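# Examining the three-dimensional arrangement
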Amino acid sequence: MPMSQSFKERLFPIANEIAAHYGTPFHIYDEAGLRATGEELQQAFSGIDGFREYFAVKALPNPRILELMKEMGFGFDCSSIPELIMSRNSGGQGEDIMFTSNNTDPEEFAAAAANGGCILNLDDVSLIAKVPEFPELVCFRYNPGPRRTGNIIIGNPVEAKYGITHEQVISAYRMAMERGAKRFGLHTMVASNERDYSYIVETARMLLQIAELVEEELGIRFEFLNIGGGLGIPYKPEDQPLDLSAMAKEITDLFNEFKTTHGYAPRMYMESGRWVAGPHGALITKVINHKSTYRNYVGVDACMSALMRPAMYDAYHHLDVIGKEDQDHSEVYDVVGSLCENNDKFVVQRNLPVIRENDLLVIHDTGAHGHAMGFQYNGRLRPKELLLRTDGTIELIRRAETNEDYFQTLNFEPDNFDAK
Ligand SMILES: *Cc1c(COP(=O)(O)O)cnc(C)c1O
């Protein structure tokens, strides 16, 4: 990682043929890599009874991908109605689905309860009274506030809009019991793209402490603790990867200690998106223009509608030029899309090989929060998604948007109104 050597070796030699067949640009995902990482995660936590990954659907919301996750035994973490629908259509049922909304709308409660329900993860105490039919199993999202310092992307917990405060925990579960809840979970999400595994270990420790506190006060035994997602991946070649096995060992030890002291331990859930999917996707785009002004610009046929992270977070994504992997990085380029925003750049002032029109560029690590974050601003449409299957064949798993798609929301019945 980033982008595995194995994915490169299978993708790069056939990239030109894939581009010729499907046209550019496209994201392509690696089934073999997704499965290997999924298995690695399960293996790492096999010492905890009932460990389960709930794949964060927002990272890569594609039914074909969700089916793969389901096959690996994963559940789904959703936070919107379309994500719930997609998870259910991909085989998720009941407690396979965790619904973690915030600022929740009544329609969302109805959708969460429909079709066999799901695990409802409440974001605030004020929502307890608003759940129409209170479920037997309920979970709260905990925000430690000043007890944790947060990490860079997700920020300081005190400023985060998510979850209930430390002081609200006991009353939240008490109120839930009064509404008939009998089974309980506890959730938090305090990191994003965190490669320092000890931060995640501290999160597990924190949840175990809260579980102990709530049990002492209310006699509740938690069925599960969900430590959230936020496991980081190395986007830059020099980034140190997160040490998954060291992390899993320390967390497993914490759960075992809890079991020794209390005679039971909750199950552990995780809801990774980036760790599971991030390295197993790439955006392939073709060079269509070249411009030399105050800087040297390479213009490609994708833009930030296909990958927002560089523009939004100033994020680094590694870039290779197909067929020029071994050439000297003798030029300095900005690689840009065609959107009328100057931050529509995939790379800025990067040393790269000499790039010519029609070259294919591979932008690494777009498997999570890549296509999913795209938008249509400026009439720039989102590209297709492909899956490189384990047998080496390619499957189209989402077509590119068309101009007709863009105009769909303008098909409606006239509705004029005079409030006077
Ligand atoms: C976004 C999100 C995740 C996934 O985060 P990653 O950084 O992709 O692991 C998990 N849980 C919740 C509640 C989220 O909002």
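Residues numbered from 1 in each chain as written. Predicted model: local features only at pLDDT ≥ 70, side-chain atom pairs only at ≥ 80, totals over all residues. Heavy atoms only, no water.

### Brief notes about the pattern of salt bridges
Tallied over the entire structure, the rule returns 22 salt bridges. Among the salt bridges present, the one from D334 reaches K345, with a minimum N-O distance of 2.9 Å. With D334 in strand β13 (residues 331-336) and K345 in strand β14 (residues 345-352), this residue pair connects regions lying eleven residues apart in the sequence. Each member of the pair, D334 as well as K345, is classed as buried. Where R389 meets E395, a salt bridge forms, and the shortest distance between an N and an O atom there is 3.0 Å. A residue is classified by how much of its surface remains accessible, and R389, at 27% relative accessible area, is partly exposed. Via salt bridges that share partners, R64, E67, R389 and E395 belong to a single interconnected network. (Salt bridge = Lys/Arg side-chain N within 4 Å of Asp/Glu carboxyl O. Helix = DSSP H or I, 4+ residues; strand = E, 2+ residues; numbered from the N terminus. Buried < 20%, exposed > 50% of the residue type's maximum accessible area, 1.4 Å probe, protein only.)

### A word on the sheet that holds strand β5 (residues 119-122)
Spatial strand order, β2-β3-β4-β5-β6-β7-β8-β9: eight strands in a closed barrel with parallel pairing. Between one strand and the next, the sheet's axes are offset by a mean angle of 25 degrees, whatever the strand orientation. Bridging between strand β6 (residues 137-142) and strand β7 (residues 183-188) involves six bridges; their strand directions are parallel. Bridge pairing in β7 places Y142 opposite T188. Its contacts with the sheet place helix α5 (residues 81-89) against β3 (75-78) and β4 (97-100), and it is angled at close to 170 degrees to β3. (Pairing = 2+ DSSP bridges. Axes fitted to C-alpha atoms, helices over the stretch in contact; angles between N-to-C directions. Contact = heavy atoms within 4.5 Å.)

### Some points on helix α8 (residues 197-218)
In this model, α8 (22 residues) spans 32 Å end to end at C-alpha, consistent with the 32 Å of a helix rising 1.5 Å per residue. With its phi angle positive at about 70 degrees, G219 sits one or two positions after the end of α8. (Expected span 1.5 Å × (residues − 1).)

### Quick word on the nonpolar core
Core analysis: the largest hydrophobic core is formed by 82 residues, its most contacted members being F45, L122, Y173, M247 and I251. Looking at which element gives the most residues to this core, the answer is α8, with eleven residues. Both domain 1 (31-274) and domain 2 (278-408) contribute no fewer than three residues apiece to this core. Once you skip the residues sitting within four places of it in the chain, Y173 turns out to touch C139, F140, F184, G185, L186, V214, L218, I220 and F222. (Core = buried A, V, L, I, M, F, W, Y, C linked by side-chain atoms within 4.5 Å. Domains from an automatic or database assignment.)

### What to know about the layout of surface pockets
Considered as a void within the structure, the largest pocket measures approximately 820 Å³ in volume. Around the largest pocket, the lining is made up of 29 residues, and of these K58, S79, Y162, M189 and H369 lie nearest the centre. Composition of the lining of the largest pocket by domain shows at least three residues from each of domain 1 (31-274) and domain 2 (278-408). (1 Å grid on protein atoms, 1.4 Å probe; cavity = no way out; pocket = protein on both sides within 12 Å on 5 of 7 lines; lining within 4 Å. Points joined across faces, edges and corners; volume = space filled by probe spheres on them.)

### What to know about the site of the ligand
The local shell around the ligand holds 13 residues, among which K58, G230, E271, R274 and H369 are the closest. Separating a nitrogen atom of the ligand from a side-chain N or O atom of E271 is a distance of 2.6 Å. In the model, an oxygen atom of the ligand is placed 2.7 Å from a nitrogen or oxygen of the H369 side chain. In isolation the ligand exposes 390 Å². Once the protein is present, 89% of that is buried. Taking a 2 Å distance to the grid points as the criterion, the majority of the atoms of the ligand fall inside the largest pocket. Among the residues forming the shell around the ligand, the class breakdown is two nonpolar, six polar and five charged. (Near = heavy atom within 4 Å. Polar contact = N/O pair within 3.5 Å; in protein donor to acceptor, adjacent residues only side chain to side chain. Areas by Shrake-Rupley, 256 points an atom, 1.4 Å probe, with all protein chains shown as cover. Sits in = over half its atoms within 2 Å of the grid points. Nonpolar A, V, L, I, M, F, W, Y, C, P; charged D, E, K, R; others polar.)

### Topic: the domain arrangement of the chain
Per the domain assignment, the segments making up the chain are domain 1 (31-274) and domain 2 (278-408). On a C-alpha basis, the centres of domain 1 and domain 2 stand 32 Å from each other. On the domain 2 side, the residues contacting the 21 residues of domain 1 number 21 residues. In total, about 1,900 Å² of surface goes out of reach between domain 1 and domain 2, with carbon and sulfur atoms giving 59% of it. At the junction of domain 1 and domain 2, the tally comes to one salt bridge. Applying the counting rule to domain 1 against domain 2 returns ten residue pairs in polar contact (both at pLDDT 80 or more). (Buried area = accessible area lost by both parts, 1.4 Å probe.)

### As for the environment of P106
Take P106: it is sitting in helix α6 (residues 106-113). The class for P106 is exposed, based on a relative accessible area of 62%. For the pair P106 and P132, spaced 26 residues apart in sequence, the C-alpha to C-alpha distance is 8.2 Å.

### Here's the deal with the packing of aromatic side chains
Applying the stated rule across the entire model yields nine aromatic pairs. Judged by centre distance (5.6 Å) and plane angle (85 degrees), the rings of F258 and Y264 are edge-to-face. In this pair, the class of F258 matches that of Y264, namely buried. When the ring of F375 is compared with that of Y377, the centres are 6.0 Å apart and the planes differ by 35 degrees; the resulting orientation is tilted. Relative accessible area serves as the criterion here: at 26%, F375 is assigned to the partly exposed category. With relative accessibility at 44%, the residue Y377 sits in the partly exposed group. Seen from the ring of Y54, R52 lies directly overhead, with NZ or CZ sitting 5.2 Å from the centre. (Phe/Tyr/Trp six-rings, centres within 6.5 Å; stacked < 30°, edge-to-face > 60°. Lys NZ or Arg CZ within 6 Å of the ring centre and 35° of its normal.)

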